Amino acid sequence: MFDIFDEPLARNVTRWINENCYPQGLMHFYGLFGSEYMVPTDPDGLVEVLSTRSYDYEKPRAFRRYSVRFFGDNLVSQEQEIHKANRKTFMPVFNQTNIHVIHPLLTAKSRQLNDYISTLSANHHEGHMKGEDRKAAVVCMTDVVFRATMDTASIIALGIDLETIKDQNTHIFKAMKTLFTSNRQRRIRFILHNLLPRWMDILIPSDEERKMDMARTVLFAGIRSMVQVRLKEKDSKDNHLTYLSNVLQLGSLDRNNT
C-alpha cells in the first residue's frame, strides 16, 4: 500500500510492472485485513477495467467512502445499476453534435486562457525587472489549468461560465483547489484511510480533512445556488444540451427539492 502511494506516485509499482509480465494485464495482490487489489499493468488491461468490463471490477470501499465524503455520490463512486442509470445522463452531453455546438464557446475560452497566461507573464516581468530585459517568466500552470477546467466544465454542465480566468467566483475556485490538490499530509491521511478499519479511521483527527470538509460545503453551496438560478430562468440562454438540462429532460431532478 505504501508503495502505491509512494512519491513520485507509485514509483515501485511502476518498476514491478516494467520488470514482470502479468497475465491478462492485471496484477492481483492482497492488502491488510484481507483486502484485495487489482492493478492494470498494460493499456489493454486498463481499457478493460475502466471501459469494456468496468462493471466486473468494483472500486475499494475505502476509496468510495473518501470520494462520497468530499466529492459527493457520483459516477466516480457509484457502482453497477446505479452507475449504469446515471451514466446515461452524461453521455448525450458529450456527443459530437453537442460538442460541435459549443465549439465557439470553447474557442473563446481558449483565447481567454491565452490572454490570462500573457497577463501573468507581463505582471511577472514588471515585478522582476531590474534594469534588464527579461524574456522568460515562470507561470503556475496548476492555477491556470484549474481555472480553464472549471470554466469549461461549468459551461458544459450548467450553461454558466464561472469566469474564474477573469477572477470571478474566487471562493469556488479556492474550494476546488483545496479539494483536488495534494500535499504530503493529505497523501499520508489517504493511506491511513485505506489501511485502517473505518471505526479507527474516524478517531484520528485531521486538519487537512477539516479543510476539505469546509471546501466541500462552499463548493456544493455555490453549485446549488447556480442550479437554482438556472431553474428559475424561463428562457434558455444557450442552444446546447447541458448536463442540467438533460437531467431535467430525463426527470431525474426535482425542481422543488434542489
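The following paragraphs examine the structure supplied in this document. For clarity, every value in this text was computed on a predicted model and none was experimentally measured. (Residues numbered from 1 in each chain as written. Predicted model: local features only at pLDDT ≥ 70, side-chain atom pairs only at ≥ 80, totals over all residues. Heavy atoms only, no water.)

A rise of 1.5 Å per residue sets the reference length of helix α7 (residues 141–158), with its 18 residues, at 26 Å; its end C-alpha atoms lie 25 Å apart and thus fit the reference within 8%. Every buried residue of α7 is accounted for by V144, F146, R147, A148, M150, D151, S154, I155, I156 and L158. At the exit of α7 stands G159, carrying a positive phi of roughly 75 degrees. (Helix = DSSP H or I, 4+ residues; strand = E, 2+ residues; numbered from the N terminus. Expected span 1.5 Å × (residues − 1). Buried < 20%, exposed > 50% of the residue type's maximum accessible area, 1.4 Å probe, protein only.)

Within the span of helix α8 (residues 170–180), buried status applies to I172, F173, A175, M176 and L179. End-on view of α8: buried residues confined to an arc of 165 degrees, all on one side of the axis. Those residues of α8 that are buried lie in contact with α3 (61–71), α7 and α11 (207–232). (Arc of directions from axis to C-beta. Contact = heavy atoms within 4.5 Å.)

Our next topic: the environment of V76. Relative to the helices and strands, V76 is located in the loop between α3 and α4 (80–90). What makes V76 partly exposed here is its relative accessible area of 43%. Each C-alpha atom, one on V76 and one on K59, is 9.0 Å from the other, the two residues being 17 residues apart in sequence. Once residues within four sequence positions are removed from consideration, V76 is found in contact with K59, F63 and S67.

On to the nonpolar core. Of all hydrophobic cores here, the largest spans 19 residues; its most connected members are M150, I172, L179 and L219. The leading source of residues in this core is α11, at six residues. Setting aside chain neighbours within four positions, we find M150 in contact with L162, T164, I172, F173 and M176. Of all hydrophobic cores here, the second largest spans five residues; its members include I99, I102, I156 and L241. (Core = buried A, V, L, I, M, F, W, Y, C linked by side-chain atoms within 4.5 Å.)

With that settled, the discussion passes to the packing of aromatic side chains. Tallying each qualifying case throughout the model produces four aromatic pairs. Seen in terms of ring centroids, Y66 and F70 are 4.9 Å apart; in terms of plane orientation they differ by 70 degrees. Their pairing is edge-to-face. One end of the pair is Y66 and the other is F70, both in helix α3 and four residues apart, which spans about a single turn. Here Y66 matches F70 in class, with each residue buried. Aromatic side chains Y66 and F190 sit 4.7 Å apart centroid to centroid with 65 degrees between the ring planes, which places their arrangement in the edge-to-face category. Taken as a pair, Y66 in helix α3 and F190 in helix α9 (residues 184–195) lie far apart in primary sequence, 124 residues in all. In this pair, the class of Y66 matches that of F190, namely buried. Aromatic ring contacts, followed pair by pair, group Y66, F70 and F190 into a single cluster. Its end group placed over the ring of Y55, K84 keeps NZ or CZ at 4.9 Å from the ring centre. Above the face of the F173 ring, R147 is positioned so that its terminal group lies 4.1 Å from the ring centre. (Phe/Tyr/Trp six-rings, centres within 6.5 Å; stacked < 30°, edge-to-face > 60°. Lys NZ or Arg CZ within 6 Å of the ring centre and 35° of its normal.)

Just distances and angles here, no functional claims.
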